[in-house]
Amino acid sequence: MSNKISLKDMTAIGLMLFALFFGAGNLIFPPSLGQGAGGNLWPAIIGFLITGVGLPLLGVLAIGLSGSEDSQALASKVHPIFATVLMVSIYLTIGPLFAIPRTAAVSYEIGIRPFMPNDSGVNTIGLSLYTLLFFCITYWLSLNPNKLVDRIGKILTPLLLITLVVILVQPIINPLGTIQMPSVEYANSPLFTGFKEGYLTMDTLASVVFGIVVINAIKAKGVTKSKDITKVCARVGLISAGFLAIIYAALAYVGATSVETLGQVANGGIILSSVANHFFGPLGNVVLGLAIIFACLTTSIGLISSCATYFTKIFPRFSYKQLVAGFTLFSAAVANMGLNQLIAFSVPVLVALYPIVIVLILLVFLEPLFNGKREVYVCSIFLTALISLLDGMQAAGLQLILVHQWLNRVMPLYAEGFGWVVPAIVGVVLGYCINVARKSNSLSAVGNERG
């Protein structure tokens with residue numbers, strides 16, 4: 001079997017990966033970042049691109065390097081139980097807890113709310129009715145998702161891209177206003193703030209799941225050697241990353257130039273719909289809204305199907321159909337929190353999970369330095385998790401004041417939200433030393449036995 005792949009097939013897989021990462025929910029974060037960053041836009045967007053584009057690319061490459069078709073393979077390097085706990089947490093995060101409800105909340109915010117009266121009571125009822133309809137359709141289509149979602153996705157992803165290009169070209173050529181001063185959170189550490197904003201895309205978490213999809217797609221094209229699979233993964237990832245980076249930068253610039261006309265807006269969905277209305281009138285809202293609604297519906301179906309498939313392996317007593325029904329009902333309930341509340345609710349979980357997954361991915365690339373020793377994985381992930389869980393608790397409002405004050409004094413980068421970096425490095429060194437010590441003790445014991 002040939003281990004070569006055509007440029008056409010490689011591009012097709014790259015666009016597929018782009019479509020997997022570019023859920024319509026990702027549209028709302030760069031414009032909000034742009035509004036907040038103001039004059040510090042470019043360092044902020046660089047930080048965002050690291051977590052929103054660079055790390056997801058590394059996640060896919062890490063799966064490619066592992067050569068495994070099991071999404072738990074990377075985390076199993078720490079411990080099988082840890083792998084199960086982490087993957088369950090990831091699937092719940094990119095599934096019914098946050099990402100699936102967000103598809104309904106975002107599509108309502110962009111596709112429906114611009115046509116609703118500016119009344120909180122009416123909007124609450126409107127969101128409830130919309131989510132009911134949205135998730136009824138999601139449930140029905142999730143029961144047999146494969147062919148339908150594939151066909152819809154091939155139409156809707158290009159449609160969404162074309163719609164975005166049309167809507168973004170005008171405010172880039174003719175900005176709504178000048179870029180304003182940065183907000184407080186972006187004034188001092190725009191790079192770090194943008195980095196943490198990239199958590200909200202959830203794409204680094206999803207990359208350990210999507211990497212398996214990419215490997216299977218590459219193998220289906222006849223590439224079987226692990227070295228060739230890794231090379232193709234890199235090229236496919238760069239195609240996807242290029243599209244994501246361009247779109248995110250454009251969206252952030254539009255957000256940054258919108259403040260003078262729109263003022264500070266609650267979320268990126270309102271920014272996009274307002275920009276579409278400003279340049280194209282109600283027709284712009286209709287076209288953008290329809291593209292977003294159908295793209296979100298496709299994303300919702302794909303995520304519910306993926307989660308139900310995974311959890312049937314963990315809990316075989318539940319059928320696929322039962323899990324689809326359960327996830328759909330739960331997601332509908334969570335979606336009624338509204339987009340702003342949903343984003344706020346997701347932040348503590350993402351702050352806790354993201355550093356663990358980042359360190360796990362980076363360790364895969366560092367394996368040649370420590371020969372993949374389990375002790376390195378265990379120590380580094382354990383120390384990273386200690387700090388990231390504390391950060392998550394703080395983000396949730398659980399203030400351990402004395403602990404945080406002490407860590408602010410002794411831990412580099414802790415105040416910026418990156419206190420896990422030094423412990424992760426210490427964990428690598430500590431794990432390596434433990435492994436060397438164990439080897440020395442084992443050799444000594446063998447020598448004594450022979451003696």
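What you see is a predicted model, and the numbers here were worked out from it, not measured in a lab. (Residues numbered from 1 in each chain as written. Predicted model: local features only at pLDDT ≥ 70, side-chain atom pairs only at ≥ 80, totals over all residues. Heavy atoms only, no water.)

To continue, consider unusual backbone geometry. Positive phi, close to 55°, is recorded for Asn 371, a residue that is not glycine. Backbone geometry places Leu 413, a non-glycine residue, at a positive phi of 70°. Looking at the secondary structure, you find Leu 413 in the loop between helix H17 (401–410) and helix H18 (421–450). (Helix = DSSP H or I, 4+ residues; strand = E, 2+ residues; numbered from the N terminus.)

For the rest of this paragraph, the subject is the environment of Leu 389. Residue position: Leu 389 is located in helix H16 (residues 374–395). Given the relative accessible area of 47%, Leu 389 is considered partly exposed. Sequence spacing of Leu 389 and Val 213 is 176 residues, and the spatial spacing of their C-alpha atoms is 30 Å. (Buried < 20%, exposed > 50% of the residue type's maximum accessible area, 1.4 Å probe, protein only.)

A few words on the pattern of salt bridges. What the rule picks out here adds up to four salt bridges. Ionic pairing is found between Glu 375 and Arg 438, a salt bridge with its closest N-O pair at 3.0 Å. You can see Glu 375 sitting in helix H16 and its partner Arg 438 sitting in helix H18, a full 63 residues away along the chain. (Salt bridge = Lys/Arg side-chain N within 4 Å of Asp/Glu carboxyl O.)

Locating Thr 328 in the fold gives a position in helix H14 (residues 320–335). Look past the residues within four positions of Thr 328 in its chain and what remains in contact with it is Phe 135, Tyr 139 and Ile 304. (Contact = heavy atoms within 4.5 Å.)

Below, the discussion takes up a nonpolar patch on the surface. Together, Phe 115, Leu 283, Val 286, Val 287, Leu 290 and Phe 294 make up a nonpolar patch on the protein surface, roughly 550 Å² of accessible area in all. Structurally, Val 286 can be placed in helix H13 (residues 268–314). (Patch = residues over 30% accessible without salt bridge, like charges linked within 9 Å, V, L, I, M, F, W, Y side chains within 5 Å. Areas by Shrake-Rupley, 256 points an atom, 1.4 Å probe, with all protein chains shown as cover.)

Looking now at helix H5 (residues 99–111). Between its terminal C-alpha atoms H5 stretches 18 Å, which fits the 18 Å expected from 13 residues at 1.5 Å a residue. Of all 13 residues that make up H5, 13 are buried, and the element is covered over most of its length. (Expected span 1.5 Å × (residues − 1).)

A few words on the side chain of Thr 93. Positionally, Thr 93 belongs in helix H4 (residues 80–97). Polar contacts involving the side chain of Thr 93 include one to the main-chain carbonyl oxygen of Ser 89, which spans 2.7 Å. Apart from residues lying up to four places away in sequence, Thr 93 is in contact with Phe 98, Ala 99, Met 202, Leu 205, Val 349, Leu 350 and Leu 353. (Polar contact = N/O pair within 3.5 Å; in protein donor to acceptor, adjacent residues only side chain to side chain.)

Counting 133 residues, the largest nonpolar core has Phe 22, Leu 33, Ile 90 and Tyr 199 as its most contacted members. Two domains each donate at least three residues to this core, and these are domain 1 (7–336) and domain 2 (351–450). (Core = buried A, V, L, I, M, F, W, Y, C linked by side-chain atoms within 4.5 Å. Domains from an automatic or database assignment.)

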